[in-house]
Structure formats: structure tokens, C-alpha cells
Amino acid sequence: MFMMMAMRHYVQIATLLASASLCAQAQWLNNPDPKAPRTADGKVNMAGPVPRVGGKPDLSGVWQIDGGARGPGLYGLGESTNSPFFGSILAGFKPDEQPLTPEGAERFRKNREGTGTKNPQSYCLPDGVPHGILLPEPFKIIQIPGETLVLYEVETIYRQIYTDGRKLPNLDDVRPTWYGYSVGKWDSDTFVVDTLGFNDLGWLDAGGHGHSEDLRVQERFTRRDFGHIDVAVTLTDPKTFTKPFTITFVERLLPDTDVFEHICLEDEKDVAHMPK
């Protein structure tokens, strides 16, 4: 019974998110990017040259994960297909080879049963790192001197990545947060982001894999051409996983558009009917 109610709730959430995504692309249809390379027919040349600022690739733009041809979209709805890592951060492992510690497996079990931490997507809570860029929903990168900003359409929330030379704080000195504390630097043409200081309330995927406050995440962003960013994410959490592991995926540019306001709790009426 709970699973049936939960699925109905997910479908309702999916409908709202899909609508938000469509609004984003409809909001700025007549506002072409004057800096984008274009083909003879006026379309953006996604294979065009990488834009640069200060000699480094400019990651700025509106992006969304390239889900490929896996499934019909968010919870079965919407235009955008899902990346396998959206459903399970451990999608690259065989079921009997998943690197979960006993604590990690127990956290996953409780989350799946509804007795663990709240599903962020069901309760309008932040998606966290790296789940925020695994969603089949847009996000915007703004690259400026000393800082790179990530604006997530879902929840209309932001993340700050500092590039002013500061070091990561000591884990014992931070207040745990949903998105942690992030610093970035360039390794040749790859933007490397290290993050720590998470709370233990987030989910790494829609399937229920959680993490502890010891989670550390390293993201490597390489813009290979105008329309694509290759991303490699390494997760380290000795309380949850038996070893660090890396997932790789591609973010695809959404040209000539922008992110749109999305307030998850606006007119929300579902949670009151969910089982306690």
C-alpha cells in the first residue's frame, strides 16, 4: 500500500517538475545567444569550439544531463530521459558487487522502506551533490572570477564553488549542510571541485542511497566542445561505501534558453496524505 501511494506521489511530483522544465524552455524561446557558434541553418553548433575566459574553458550556460535512450523520462513522464545514476548512484555495479558497508546497506533499506531520512524530492528538500546535476532537469553555471555558481532550477536553489585560492575547511570546523563546502581549481582544461561538510540527510539518487557526514565528493568538469561537458564524480564515504568509486556522464547544453523559477511547495497538497 505504501509503495502504491509513494508511486502516485512521485508521479505528481514528476508532473510538476516536467511542467517546470517545459516552462524554462518556453520562457526564452526568442532570445538566441549571440556568442553561440551556428550552422548554416541558424542552429547552435553543439560541436563548435569551446568558449574561453582568461585562457580557461568557460563552463557558463544552461545544462542538463544527457540521459541517452534509457526510459521514458522522469518517473515515466516528461520529455527528458533519465541517466541510470539518477535512479541509482551504484548503477555501474552488479547487484552482488555494490560497495556498500553494512551501515550503508541499512541506511538504504530504511530509506526504501520510508523509515529513514525523508526523500528530498518528495518533501521539497535540496537534492545535494552530485544528485542535483543527475536530475533530468536544467541547471545553470555562472563562471566569474573567484567563484563559480550553480543555479538549480529544481527548488530554485544555488551552490557556491570558490576559486579564490581558499582551502577546504577542516571537517570538524564546519556546520553540516545539504550542498557542503566546495572549492575549485583548474587542472589544465579540467575544472576540479572538491566538496565536504555534508549533513547526513541527503539522498545520492532517487532510489534511496544515502550517505554519512563523512562524505567527500570530487567532480571533474571537462568541456569538450561548445555543447557538451564530460563529468567524472568520485564519491568517498568510508561509513557508507567500502571503497571510493567514480561515475561518468555527459551534461548537454540547452542553448538559447534559461532556467525558470520552480517552487516545489507552491500549492503542494500531497505530503499530508502520505503515510507517516
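Residues numbered from 1 in each chain as written. Predicted model: local features only at pLDDT ≥ 70, side-chain atom pairs only at ≥ 80, totals over all residues. Heavy atoms only, no water.

Some thoughts on the sheet that holds strand 9 (residues 216-225)
Read around the closed barrel, the 9 strands follow the order 3-4-5-6-7-8-9-10-11; overall the barrel is mixed. In this sheet, neighbouring strand axes are inclined to one another by 30 degrees on average, regardless of whether the strands run parallel or antiparallel. With 6 bridges connecting them, strand 4 (residues 139-144) and strand 5 (residues 147-152) associate as antiparallel partners. Looking across to strand 5, one finds that Phe139 is bridged to Tyr152. (Pairing = 2+ DSSP bridges. Helix = DSSP H or I, 4+ residues; strand = E, 2+ residues; numbered from the N terminus. Axes fitted to C-alpha atoms, helices over the stretch in contact; angles between N-to-C directions.)

A closer look at the pairing of strand 7 (residues 181-187)
With 2 bridges joining them, strand 6 (residues 157-162) and strand 7 adopt parallel strand pairing. For Ile161, the partnering residue across the bridge sits in strand 7 and is Ser182. Relative to strand 8 (residues 190-196), strand 7 runs antiparallel, the two sharing 7 bridges. Counterpart to Lys185 in the pairing with strand 8 is Val192. With antiparallel pairing between neighbouring strands as the criterion, strand 7 and strand 8 make up a hairpin whose turn holds 2 residues, including Ser188 at a positive phi of roughly 60 degrees.

Re the pattern of salt bridges
Tallied over the full model, the rule gives 11 salt bridges. For the salt bridge of Arg159 with Glu219, the shortest nitrogen-to-oxygen distance reads 2.7 Å. One end of the pair, Arg159, is in strand 6; the other, Glu219, is in strand 9, with 60 residues separating them in the sequence. Glu219 shares its class with Arg159; the two are buried. Between Asp230 and Arg224 there is a salt bridge; the shortest N-O distance is 2.9 Å. Each of Glu106, Arg109 and Glu113 takes part in salt bridges that share partners, so that together they form one network. (Salt bridge = Lys/Arg side-chain N within 4 Å of Asp/Glu carboxyl O. Buried < 20%, exposed > 50% of the residue type's maximum accessible area, 1.4 Å probe, protein only.)

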